[in-house]
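Below, each chain spelled out in residue letters.
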Amino acid sequence: MGANVSQDNGTGHNATFSEPLPFLYVLLPAVYSGICAVGLTGNTAVILVILRAPKMKTVTNVFILNLAVADGLFTLVLPVNIAEHLLQYWPFGELLCKLVHFLFYINLYGSILLLTCISVHQFLGVCHPLCSLPYRTRRHAWLGTSTTWALVVLQLLPT
């Protein structure tokens, strides 16, 4: 177990800090590395298969492709998070800090909104199959996902 360490935090009061647990210091980078390796490989494979195979260019796969892009962006920053964890400080500067947070939130909000698009698409297909048919096309799927990405980026620009 980690030991508690008391230090004067500059206000005249002692702050109690907990030293990191040794097994967590090793376990977290190992788990992140595994997620990074599997995530980058899997998402890259999904992206390549959907883009290269003509039969894979379906409405559903437009949404899956965009989810793979969102998840791929997130897994790209995992090595930076691993390095920060191991070093116990942020050595990469302010620009990379902002970029890592930006990509994290792109994945978070993008995934949520893309899953919402998929849910609406499925709802229309099940509850209103005939009258929604003109709107459940690849063109509309690309329009919906492009709008989703634009909204996410616009929302995160101040960040």
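Conventions and cut-offs
- Residues numbered from 1 in each chain as written.
- Predicted model: local features only at pLDDT ≥ 70, side-chain atom pairs only at ≥ 80, totals over all residues.
- Heavy atoms only, no water.
- Salt bridge = Lys/Arg side-chain N within 4 Å of Asp/Glu carboxyl O.
- Helix = DSSP H or I, 4+ residues; strand = E, 2+ residues; numbered from the N terminus.
- Buried < 20%, exposed > 50% of the residue type's maximum accessible area, 1.4 Å probe, protein only.
- Polar contact = N/O pair within 3.5 Å; in protein donor to acceptor, adjacent residues only side chain to side chain.
- Contact = heavy atoms within 4.5 Å.
- Axes fitted to C-alpha atoms, helices over the stretch in contact; angles between N-to-C directions.
- Parallel < 35°, antiparallel > 145°, perpendicular 65-115°, else oblique.
- Left-handed = near helix turned anticlockwise from the far one by under 90°.

### Examining the pattern of salt bridges
- Following the criterion strictly, the structure yields one salt bridge and no others.
- The salt bridge involving Lys 98 is made with Glu 94; its shortest N-O contact spans 3.2 Å. One end of the pair is Lys 98 and the other is Glu 94, both in helix 4 (residues 93-127) and four residues apart, which spans about a single turn.
- With a relative accessible area of 44%, Lys 98 lands in the partly exposed category.
- Residue classification places Glu 94 among the exposed positions, given a relative accessible area of 56%.

### Some words on the side chain of Asn 61
- Following the sequence through the fold, Asn 61 ends up in helix 2 (residues 59-76).
- Judged by relative accessible area, which is 12%, Asn 61 ranks as buried.
- Only 2.7 Å separates the side chain of Asn 61 from the backbone oxygen of Met 56, close enough to count as a polar contact.
- For Asn 61, the residues in contact, after removing those within four places along its chain, are Ile 50 and Met 56.

### Here we look at the packing of helix 2 against helix 4
- At a minimum axis separation of 8 Å, helix 2 and helix 4 run at an interaxial angle of 165°. Taken together, the axes of helix 2 and helix 4 are roughly antiparallel relative to one another. Of the two elements, helix 2 crosses helix 4, and the hand of that crossing is left-handed. Residues Val 59, Thr 60, Phe 63, Asn 66, Leu 67, Ala 70, Asp 71, Leu 73 and Phe 74 of helix 2 pack against Leu 103, Phe 104, Ile 106, Asn 107, Ser 111, Leu 114, Leu 115, Cys 117, Ile 118 and His 121 of helix 4.

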